[in-house]
Amino acid sequence: MSIDIPQIVIGVLALQGAFLEHIHILKKLPQVKEVIPVRTEEQLNQVDALIIPGGESTAMALIAERCNMLEPLRAFVQKKPTWGTCAGMIMLAKEAHGAKKGGQQLFNALDVSVNRNQFGSQKESFRTMLHLPELLGDEPFDAVFIRAPVISEIKSPKVKIVGRLEQKVGQTEAETAVAVLQEHLFATAFHPELTSDSRLHQFFVDLALKYKQ
């Protein structure tokens, strides 16, 4: 007797940034019926959940505005499962510090403030084995940080920190939030799509299936 596997359609915002890498991983997951690169409102309306990739958040916001996608995306992320990675985390946030003069448009869904480029420029990129016990158990994740943001303030008790990075600040050790959950929203400061580990993509698919309408 065959067992029916729950199926879902996942979109990856394909306006700018590292969207192809997400698509490549998602296509390998059995519950993913289809992966749609999202560039239009029509494509957005076809998906059950969305990934907002890493890239350049200011450019992403400008392109979304020019393509008349800003408001449809804002409406989508308020109710549908969405995962923002790196720049995507910035786009999901209610507030971003370190933006260029004049600021930038955000999707205003995740109840956090973020600091852009917390660790410096491209040459300060790094990778580390990050423990995410609430998501992945005891096995650490190979996390790639590239011009990464961090969460500087949690603005609602709905936001749950699920990943912390130990940092040296002066002479003391401090923990910085780099992964959070807020109901149907998931955000990571690092780039899971740049590794061969699909566990976080599987986590998001499982999360999205819970909220599938």
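What counts and what doesn't
- Throughout, residues of each chain are indexed from 1 in the direction in which the sequence is written.
- Only residues with pLDDT of at least 70 get local features here, since the model is predicted, and only at 80 or more are side-chain atom pairs given and counted; chain-wide, interface and lining totals rely on the full set of residues.
- The basis for every side-chain value is the complete set of heavy atoms in the structure, and neither hydrogens nor water enter the calculation.
- Helical segments are the DSSP runs of H or I of at least four residues, strand segments are the runs of E of at least two, and each set is numbered from the N terminus.
- When a residue's accessible area, from a 1.4 Å probe over protein chains only, is under 20% of the maximum for its type it is buried; when over 50% it is exposed; and in between it is partly exposed.
- Contacts are assigned to residue pairs with any non-hydrogen atoms lying within 4.5 Å of each other.
- Each accessible area is a Shrake-Rupley result for a 1.4 Å probe, and residues are judged covered by the shown protein chains and nothing else.
- UniProt positions are given in the numbering used here, feature names are shortened, and annotations may be inferred rather than shown by experiment.

(A) Broad picture of the overall build of the protein chain. Along the protein chain, the regular secondary structure elements total seven helices and twelve strands. The 213 residues of the protein chain split such that 52% are buried. The contacts in the protein chain between residues at least 6 apart in sequence include a share of 68% that link residues at least 24 apart. Approximately 10300 Å² of the protein chain is accessible, and the part contributed by carbon and sulfur atoms is 49%.

(B) Representation of the UniProt feature "binding site: L-glutamine" (unreviewed entry) in the protein chain in the model. Here, UniProt's "binding site: L-glutamine" (unreviewed entry) annotation points to G55, E56, S57, R116, I146 and R147. Taken along the chain, the residues just named run across 93 residues; in space they keep tight, none of their C-alpha pairs more than 13.0 Å apart. For G55, a relative accessible area of 40% gives the class partly exposed. Residue contacts for G55: discarding those within four places in its chain leaves Q16, G17, M60 and A87. Tracing the backbone shows S57 in helix α3 (residues 57-66). Residue S57 is classed as buried on the basis of its relative accessible area, which comes to 3%.

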